[in-house]
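Letter by letter, the chains look like this.
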Amino acid sequence: MVIHQHLSIPTLQIDQYLLRLIQKKDIKSIHNHINDWNIAKMLSDVPFPYSQELLEKWFEATLQQIKAGQSYHFSIIDTQTNPDTIVGCIGLTLNMAEQSAKIGYWVAQRYWGNNIATRALKRLTNWALANLNINYIHATAADDNVASIAVLKKCDFQPYGQGKEKFLARAVEQPVSYFLLQREDICPNNLTPNQNIYTSKEKKILLVVAAALIDIEGRLLLARRPEGKSMAGMWEFPGGKVEPGETPETALIRELKEEINVDISKSCLAPFTFASHEYQDFHLLMPLYVCHRWKNDPIPREKQQLAWVTANELDRYLVLEADKPFIPLLKDLLF
């Protein structure tokens, strides 16, 4: 029943453009583009002129970071022109202690005005927040880099401060603005209760049911919300919304079959606890059931990731706020 595996890094498609991991064969093309004053002056870590030898050293260091899972650097490819036509680069560097990432990007001057940076930034941030163990992404832009600031704002990055940083190409400090993208900004919680859900005087109550599936090794099953869903990248206990006319047990049996292909009988569901959580537009009420017996190995049927997690590992996962009250109770149960 090994479900959660090491993250594979995909190629990310955006219309005619493709984001793929940077390769050694890209160096010459990248050098031709980035060794341009109009590009280099806006990138804090790039000197000018920028020799190909320095770029090759950067590539080797970056390759090691990618292999270690510390960064993700992509070439932006125009597949309509040629499978190897590079129009720019975009990359993330992780800070796992802070569960954050810093993002940077550039587009070759000849391709300006085609909205490439905006589309690449949106695509990579969506993927990163849904698949990496991070809560937010930050970026820095020189105050005179009007185009980059506009791109960040179009991609929902929020300004949070200003400062000064040295830019190698300019050899002096430049005023910069700092921007932040949180998961709530890119994937706002858009769950909307339907008209048949029980209501209070002030807010609708959304009834959701969840399961703590515990295998023979004493591990819990967590599911990660996939890209495209609200709060993508966060982990939760499998389950779902109780439809009108359903009991919580009936809804849970249906949801587990739909989501992870698991068959459970009502007699195997033991009521354990519940969560009551306030959202901006509704109030969530979520009973949690414990289950030790089911049929079929869980498999993801809705593009989500699954992970079997020991009690000691639970704190390493970014769990939805509504599910967090379950953690200490389940740890007590498993120890």
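Structure: above.
Residues numbered from 1 in each chain as written. Predicted model: local features only at pLDDT ≥ 70, side-chain atom pairs only at ≥ 80, totals over all residues. Heavy atoms only, no water.

### Describing the environment of valine 209
Phase 1 of the analysis: Position of valine 209 relative to the elements: it lies in strand S9 (residues 204-213).
Phase 2 of the analysis: Residues valine 209 and asparagine 95, spaced 114 residues apart in sequence, show a C-alpha to C-alpha distance of 34 Å.
Phase 3 of the analysis: With near-sequence residues (within four places) excluded, valine 209 lies in contact with Pro238, Gly239, Gly240, Val242, Pro248, Ala251, Leu252, Met286, Pro287 and Tyr289. (Helix = DSSP H or I, 4+ residues; strand = E, 2+ residues; numbered from the N terminus. Contact = heavy atoms within 4.5 Å.)

### A few points about a nonpolar patch on the surface
Phase 1 of the analysis: On the surface, a cluster of nonpolar side chains totalling about 230 Å² of accessible area is made up of Phe272, Leu329 and Leu333.
Phase 2 of the analysis: With respect to the helices, strands and loops of the structure, phenylalanine 272 is situated in strand S13 (residues 270-278). (Patch = residues over 30% accessible without salt bridge, like charges linked within 9 Å, V, L, I, M, F, W, Y side chains within 5 Å. Areas by Shrake-Rupley, 256 points an atom, 1.4 Å probe, with all protein chains shown as cover. Salt bridge = Lys/Arg side-chain N within 4 Å of Asp/Glu carboxyl O.)

### Remarks on the environment of asparagine 296
Phase 1 of the analysis: On the secondary structure map, asparagine 296 appears in the loop between strand S14 (282-291) and strand S15 (305-309).
Phase 2 of the analysis: Exposure remark for asparagine 296: the relative accessible area of 36% places this residue in the partly exposed category.
Phase 3 of the analysis: Between the C-alpha atoms of asparagine 296 and proline 49, which are 247 residues apart in sequence, the distance is 60 Å.
Phase 4 of the analysis: Contacts of asparagine 296, omitting those with residues within four sequence positions, involve Lys257, Asn261, Val262 and Asp263.
Phase 5 of the analysis: Side-chain polar atoms of asparagine 296 contact the side chain of aspartate 263, separated by 3.0 Å. (Buried < 20%, exposed > 50% of the residue type's maximum accessible area, 1.4 Å probe, protein only. Polar contact = N/O pair within 3.5 Å; in protein donor to acceptor, adjacent residues only side chain to side chain.)

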